[in-house]
Structure formats: structure tokens, C-alpha cells
Amino acid sequence: MTDVDWMGRRKIRSMDLARLSGLKRVLQELEPGRKVVLSTHLNADGDGAGSQAAAAHWLARRGLEPSIVNPTPFPDQFRFLLAEGTGAWTPADAEGEAAMREADVFLVLDTAEPSRLGPVMSRTSGRRILVVDHHPTTSSSVGDVVVCDPTACATGELVFDLIHVAGDTVTREEAEGLYVAIATDTGSFRYANTTASTHEITADLLRAGVDPEQMYLRIYAQYTPAGLELVRRALERLRVADDIPVAWISLRQADLAQTGATKEDLEGIVEYARRIRGVRVALLFRELHDGTTKVSLRSTGDADVAAVARRFGGGGHVKAAGAVIPENLEAAETRVLQDVREALS
Ligand SMILES: [Mn+2]
């Protein structure tokens with residue numbers, strides 16, 4: 001098997017024509033010299049942050065001027081992915097504000113929802129907005145040029161394809177960002193969105209120099225004593241329904257405050273519920289500062305948790321979704337469990 005053609009040019013991975021033509025249109029907007037603001041959704045995850053970091057490395061290499069400006073701070077855990085001297089800002093930083101003011105174009109990754117872009121959204125007016133995302137589009141989705149492909153396991157997959165459509169081969173730095181993106185969004189290649197393509201791309205990332213063990217340590221071996229204390233509490237709060245295959249964990253503000261755990265420490269907590277034998281829907285309820293409740297929903301079977309989330313004004317993927325419910329913890333639990341019960345029946 002060869003991944004170059006007879007002229008030594010790297011082959012473009014075979015991909016869906018709609019994706020290919022969309023990525024070509026995105027590429028047309030990314031001419032050398034342009035100032036690009038890269039943004040992603042509130043509370044960037046590994047896919048958002050990893051895709052941004054990879055895109056920033058790549059755009060700089062192509063002679064553009066990328067800046068990362070997110071509605072909430074870039075995760076500390078993934079700062080190692082950024083080029084030395086590259087900042088990652090929020091609209092509250094002078095550098096972030098300046099980057100948005102001077103931007104020729106915004107490249108929005110891993111979301112197309114204006115509400116999930118927070119204060120970044122209002123700064124895009126009058127600029128071209130490019131969207132590269134793998135969430136299903138909704139009526140409120142934004143973007144002048146949009147590649148939105150829910151068949152992609154992660155936005156990182158689409159950024160990988162974008163780099164290849166441009167005729168470039170990923171560098172190790174870019175590959176590390178894309179590996180973080182893909183590994184986190186597929187639950188380390190275990191979730192239903194993991195495909196042969198996922199592994200083919202990942203093979204290319206390893207060939208580019210990614211060290212999987214180092215990535216594992218960066219992504220997962222990150223417990224702090226406070227984070228572990230939060231896990232202990234989460235396990236105490238874990239409940240399993242006796243009539244339906246549903247398990248859930250509920251955490252209060254006090255659980256974060258008393259343990260000293262951060263929002264990042266909540267990442268992966270819902271997995272403890274998902275990993276119980278026979279459970280088909282796993283939920284994490286979390287009391288927010290204003291007394292409302294955030295719910296994260298995970299499905300391990302056919303149940304469409306995105307449909308449940310949408311009923312509460314949220315959204316997401318069929319098997320991973322979320323919503324903020326304007327009720328206290330107990331009321332939110334009751335309402336969501338009722339809807340999940342119906343979704344399962
Ligand atoms: Mn994603």
C-alpha cells in the first residue's frame with residue numbers, strides 16, 4: 001500500500017464529495033497573509049482545543065496569521081499543543097480583543113451555534129465566518145462557508161482532511177493536536193463514532209511522530225487530589241434506576257467548592273455511570289451557580305439522547321448530548337429521567 005501517487009504527491013484520502021468540496025471552499029478563504037481568528041465553543045474540550053492548536057500551527061506554516069480567541073479560557077491541560085509564543089485568548093484579554101478587531105476571517109471549529117460562541121459571536125459581524133464542525137446543523141447555525149459533517153468522528157478529522165486537501169502533510173505538532181481531538185471525541189477509539197477512517201487517520205498521525213503514551217499521559221493521567229476527591233463523591237452519589245437501564249450522578253456546587261475540584265475535573269465523570277453493565281443511558285446532573293442544572297447525557301444503545309436534550313433547549317450528538325435546565329437539581333432529575341424513560345420505551 002502506498003500513500004503517494006506516481007509523482008510522489010501525497011494522495012488525498014478518499015472522502016465524501018460534499019466534504020471535499022466544502023473543504024476546498026474553506027481553503028479558498030485561507031489565503032496567505034490573512035489574519036484568522038480561530039474559535040470554538042464555551043468550555044473547549046479536547047476536540048475543540050486540539051483542532052484549534054493543529055489549525056493554528058498549520059495556518060502559520062502557510063503564511064497566515066492565526067490567533068486563538070475562545071469564549072472561555074483555553075484548557076491548561078492542552079496548552080502544550082500550542083506553538084511557543086502562541087497565545088490563546090478570550091474576549092476579556094486585550095490581545096484577544098485586538099485579534100478579533102483585526103481579523104479578516106473567523107474559523108469556527110466544533111460548533112456552529114451562536115449561543116455556544118458566547119461573547120466571540122458579537123465580534124464576528126462584518127467578517128466572513130468559516131465553520132468546520134461535526135455536529136448536526138440547526139436552524140440557528142451560523143457560517144458563510146460551512147463544512148458540517150456529522151459522519152466525522154471529531155472536528156479533528158475534518159481539520160486533518162482540510163490539511164490534506166491543501167496538499168500538505170501534517171507535522172508532528174499538528175498531528176498531536178489532531179490526535180488529542182480524535183482520541184478525546186471517540187473516548188479513545190471506543191465510542192460508536194469510531195470508524196475505519198478514524199484509525200486510518202490516526203495511523204497517519206502516529207507516522208507523523210505522535211507518541212500515544214505521551215498523549216495518554218497528557219489527556220488522562222491528569223488526576224489531582226481534588227479531582228480524585230470529586231470522583232469519590234461522584235461514586236457516592238451514583239444511582240441506578242431499578243426499573244430502567246439508567247444510571248446517574250448528581251453533583252452540587254458544594255461538591256466542587258468543598259473538594260477544590262474544577263470544571264475540568266468533571267470531564268469523564270459520567271463514564272462511571274456509563275460503565276455499569278446493562279446501562280443504556282448515563283447521566284450527570286450538575287448544579288450551576290445560579291441554581292439551574294446542567295445535564296450531560298450519554299447513550300450506549302439506540303436511545304437518542306440528543307432528542308431528549310433538545311426538549312430542554314440543549315443539543316449534541318445522538319449518543320452524547322447536554323442541556324441546561326432552569327430547575328433545581330431534584331426537579332431537573334425528575335424531568336429528565338421521565339423523558340429518558342420515554343425515550344427508552
Ligand atoms: Mn467534537
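Residues numbered from 1 in each chain as written. Predicted model: local features only at pLDDT ≥ 70, side-chain atom pairs only at ≥ 80, totals over all residues. Heavy atoms only, no water.

1. Describing the sheet that holds strand 11 (residues 315–316)
If you walk across this open sheet you meet the 6 strands as 7-8-9-10-12-11, and the pairing is mixed. Of all strands in the sheet, those with a lone pairing partner are strand 7 (239–240) and strand 11, marking the two edges. Bridge analysis of strand 11 against strand 12 (residues 320–325) gives 2 bridges, and the strand direction is antiparallel. Paired with G316 across the strands is A321, a residue of strand 12. Against the sheet, helix 9 (residues 225–237) contacts strand 7 and strand 8 (246–251), and its axis sits at roughly 130° relative to strand 8. On top of the sheet, helix 13 (residues 329–344) reaches strand 8, strand 9 (281–287), strand 10 (293–299) and strand 12; it is set at about 160° to strand 9, its chief contact. (Pairing = 2+ DSSP bridges. Helix = DSSP H or I, 4+ residues; strand = E, 2+ residues; numbered from the N terminus. Contact = heavy atoms within 4.5 Å. Axes fitted to C-alpha atoms, helices over the stretch in contact; angles between N-to-C directions.)

2. Considering the environment of T194
Inspection of the secondary structure assignment puts T194 in the loop between helix 6 (172–185) and helix 7 (196–207). Note: C-alpha distance between T194 and A257 (63 residues apart in sequence) is 36 Å. A polar side-chain atom of T194 sits 2.8 Å from the main-chain carbonyl oxygen of Y191. (Polar contact = N/O pair within 3.5 Å; in protein donor to acceptor, adjacent residues only side chain to side chain.)

3. As for a nonpolar patch on the surface
A contiguous nonpolar patch, built from Y216, L217 and Y220 and spanning about 280 Å² of accessible area, is present on the exposed surface. Tracing the backbone shows Y220 in the loop between helix 8 (212–219) and helix 9. (Patch = residues over 30% accessible without salt bridge, like charges linked within 9 Å, V, L, I, M, F, W, Y side chains within 5 Å. Areas by Shrake-Rupley, 256 points an atom, 1.4 Å probe, with all protein chains shown as cover. Salt bridge = Lys/Arg side-chain N within 4 Å of Asp/Glu carboxyl O.)

4. Topic: the pattern of salt bridges
Side chains bearing opposite charge may pair, as long as their charged atoms lie close to each other. Within the structure shown, the criterion is met by 21 salt bridges. Residue D243 is joined to R341 by a salt bridge in which the shortest nitrogen-to-oxygen separation is 2.8 Å. Here D243 is found in the loop between strand 7 and strand 8, whereas its partner R341 is found in helix 13, with 98 residues between them in sequence. Residue class for R341 comes out partly exposed when judged on its relative accessible area of 30%. A single salt-bridge network, built from bridges that share partners, covers R19, D149, E157 and D161. (Buried < 20%, exposed > 50% of the residue type's maximum accessible area, 1.4 Å probe, protein only.)

5. Observations concerning the domain arrangement of the chain
Once the domains are mapped, the chain shows domain 1 (17–219) and domain 2 (225–344). Computed from C-alpha atoms alone, the centre-to-centre distance between domain 1 and domain 2 is 27 Å. With 6 residues of domain 1 at the contact, the number on the domain 2 side is 6 residues. Carbon and sulfur atoms supply 52% of the area buried between domain 1 and domain 2, which totals about 550 Å² over both sides. Viewed at the interface, domain 2 and domain 1 are joined by 0 salt bridges. Tallied by class, residues from the side of domain 1 that touches domain 2 come to 3 nonpolar, 3 polar and no charged. (Domains from an automatic or database assignment. Buried area = accessible area lost by both parts, 1.4 Å probe. Nonpolar A, V, L, I, M, F, W, Y, C, P; charged D, E, K, R; others polar.)

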